[in-house]
Amino acid sequence: MPTLNESFSYLVQMVQSQGEKVHPINGSKYRCVCPIDKEKLIIERQSDRITMQCSGGCSLGKLCTELQIEPKHLVEQDVQVWQQTQIQEERPDYEKIAEQYLQKQQLPPFDPACLPNILCEYVTDISKVTDSAPIVSTMSIISTLSAYAMHRISLDDYFGAPLHCNLWSIVIAQSGDYKSTGLRAGTKILNVHDDYYDEAIAVAEAIEGGEDPVQLRKLKRKLPDTLTWQALVDSLEEQKGGLFVQSEMQSFFSMVNTKFNDGMKSRLTSMYDVVDGFKERTRGRGSTFIRKPYLSIMGVSTKEFLKPYITTEDLLSGFLARFLFFLPPASEVRRKRKALPSKGTKVHQEEWVSYQMLQSLCTQLLHSPERLGSHENMDNDARDYLQLILDDYIDGHCAKADQAIRPYLEIFAKRWAPYHLKLGMLLQQVIDCRQVEPSKEALQSAWQILSYAMQSTTLLLQEEFNVSPLQDKLSKVIKYIAKRGGRVEYRALINSKILDGGPAEYDYTLETLQVGGRIQVIGSPKSKSKIELVDEQ
């Protein structure tokens, strides 16, 4: 029988032999990709056993089968310990089943280690000082880069039209997760830039013979915070494009749904592809023509505030599908509120080397000539990688999705392959700004961001946006049981009032869940029965 150290080494080698990278956390703990579902897998050597924890919920038995090791080789050579482990595994652990279900309802945190070094350092530092989710600052700074890239970087003839680097992104997090703080920190380069040009414009307008205010406005990159259709048209006419930053994204959706802005969704949708020209009537009944209007959007919100504005029609229209949605897990950090900041805690981002380097890159992009890359100039490794992601992951992701959400998911999926290229082009500027076409390295980083958006979108469609009334009911009942330890009394469920109807509606929902293998009903008569979650592993 092998020792624990031998078994531990064997497991690490088996994961590596399947082509997966293994990252050491410390001498006895490794992070890698689960060979079964490609989620995060932690392998840890403890004092008397080896544990394997998959964030996707794969069971120990399945992992042992996949990695060709017997479960008994994961514990010390002690028969009594081994027998106790067997006995414990045979008992239904409803709390564990419930915990695993609830864990499936949230993704792990986004890991910035996949980003180019300077971006990784910047995002990591912002997350540390703001306690915000890394994906917030990641998309904030990449969206900032997109505002500076604007028309200066694009890929020609992408299925008949140039592909530009504009991004529409929304990060959905819980209230109190410092998402707005992370957004401000991530877009600070942009805010400092526009503050400088606002002052320069004010000076130019006050002094005759100075700089031309019209030309200075063209160098601004931030669009107005309070967005109406007319304000957007006016800004685009002045500066041709930029980034719209919104700390309360529900305000944006509320605004585009007003009668005052009737038709704004369809007009924004037409702008998304950076059309050659956009003609719009002015308030004076004249017209204005905007050449290649360029619009990036970066916002944050909560599920509770956003859900009322997400309708089935929106999901099918294609407007929402142009957004990358990100759903980070709830923050475990809950800082005690203070009347005043602590002394010596002021953060000077401008002093960070990463900030200075990214600011320099943005300035370089701002003043660089327009560069049109070509997909024909991409090296073979990058081209092959793009096709692999499209075939095996994007198309495969939709094929594996639940049938209830698949029609909606496929609408989003049409934009994921272009987004892979857009993100790749922006990250390429961080890796080597002399090249427009994304390298395989840039595309690999871009894929980690895109895959996080894909998983987030799927989870939102399944659990939050509830694209069908029945799905909404199933989700409510499952969550109710899970939050109560995985086992509840039938009578307690009926009295919970989580569904609008009476006992017949509960019975139909429970029957649907039972047929689907999600729950089991134990005991009779029904009024005295218990409902238990079923381990889906």
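Residues numbered from 1 in each chain as written. Predicted model: local features only at pLDDT ≥ 70, side-chain atom pairs only at ≥ 80, totals over all residues. Heavy atoms only, no water.

*Asks:* Please explain the pattern of salt bridges as it appears in this structure.
*Replies:* Close approach of charged atoms allows side chains of opposite charge to pair. Considering all chains together, one arrives at eight salt bridges under this definition. Put simply, R217 and E205 hold a salt bridge, and the shortest N to O gap is 2.3 Å. Remark: E205 occurs in helix 8 (residues 188-206) and R217 occurs in helix 9 (residues 213-217); sequence separation between them is 12 residues. One salt-bridge network, held together by shared partners, links E205, R217 and E238. (Salt bridge = Lys/Arg side-chain N within 4 Å of Asp/Glu carboxyl O. Helix = DSSP H or I, 4+ residues; strand = E, 2+ residues; numbered from the N terminus.)

*Asks:* I'm lost on the packing of helix 6 (residues 134-149) against helix 8 in this one. Help?
*Replies:* Relative orientation and spacing of two packed helices are given, respectively, by the angle between their axes and the distance between those axes. Closest axis-to-axis distance for the helix 6/helix 8 pair is 8 Å, and the angle between their directions is 40 degrees. Taken as axis vectors, helix 6 and helix 8 run oblique relative to one another. Contact with helix 6, carried on its side by I141, T144, A147 and Y148, involves I189, L190 and H193 of helix 8 and no other residues of that element. For the contact of helix 6 with helix 8, the class distribution of residues is five nonpolar, two polar and no charged. (Axes fitted to C-alpha atoms, helices over the stretch in contact; angles between N-to-C directions. Parallel < 35°, antiparallel > 145°, perpendicular 65-115°, else oblique. Contact = heavy atoms within 4.5 Å. Nonpolar A, V, L, I, M, F, W, Y, C, P; charged D, E, K, R; others polar.)

*Asks:* I tried to follow the sheet that holds strand 8 (residues 241-246) on my own but got confused; where do I start?
*Replies:* One key point about sheets: their strands pair by backbone hydrogen bonds, in either a parallel or an antiparallel sense. The sheet built from four strands is open, its strands ordered 8-11-7-12 with parallel pairing. Unpaired on one side and paired on the other, strand 8 and strand 12 (324-326) mark the two borders of the sheet. Each neighbouring strand pair of the sheet contributes to a mean axis angle of 10 degrees, computed without reference to strand direction. As paired elements, strand 7 (residues 168-172) and strand 12 share three bridges and run parallel to each other. Note that in strand 12 the partner of I170 across the bridge is F325. Against the sheet, helix 11 (residues 249-256) makes contact with strand 7, strand 8 and strand 11 (294-301), and its axis sits at roughly 120 degrees relative to strand 11, the strand it touches most. (Pairing = 2+ DSSP bridges.)

*Asks:* In this structure, what is going on with the side chain of R322? I would like to understand it.
*Replies:* Tracing the backbone shows R322 in the loop between helix 14 (312-317) and strand 12. The side chain of R322 is buried and forms no salt bridge, while D273, the nearest opposite charge, is found at 4.6 Å. Residues contacting R322, with those up to four places away along its chain left out, are W168, T269, Y272, R415 and Y419. (Buried < 20%, exposed > 50% of the residue type's maximum accessible area, 1.4 Å probe, protein only. Lys, Arg positive; Asp, Glu negative; His and termini not counted.)

*Asks:* How do you make sense of the environment of E70 when you look at a structure like this?
*Replies:* Within the secondary structure, E70 sits in the loop between helix 2 (60-66) and helix 3 (79-90). In this structure E70 comes out as partly exposed when scored by relative accessible area, which is 42%. Separated by 63 residues in the primary sequence, E70 and S7 place their C-alpha atoms 9.7 Å from one another.

*Asks:* Please explain the sheet that holds strand 2 (residues 29-33) as it appears in this structure.
*Replies:* Read across the open sheet, the four strands follow the order 1-2-3-4; overall the sheet is antiparallel. Looking at strand neighbours, the two that pair on one side only are strand 1 (22-26) and strand 4 (50-54), the edges of this open sheet. Across the sheet, the axes of successive neighbouring strands diverge by a mean angle of 20 degrees, strand direction being ignored.

*Asks:* Just checking my understanding: could you explain the nonpolar core for this structure?
*Replies:* When a protein is soluble and globular, its nonpolar side chains tend to lie buried together. Judged by nonpolar contacts, the single largest core of 118 residues is most densely connected at F252, L268 and F323. Top element by residues in this core is helix 17 (residues 406-431). It accounts for 14 residues. Listed in part, the 20 residues of the second largest apolar core include L4, V15, I43 and I50. (Core = buried A, V, L, I, M, F, W, Y, C linked by side-chain atoms within 4.5 Å.)

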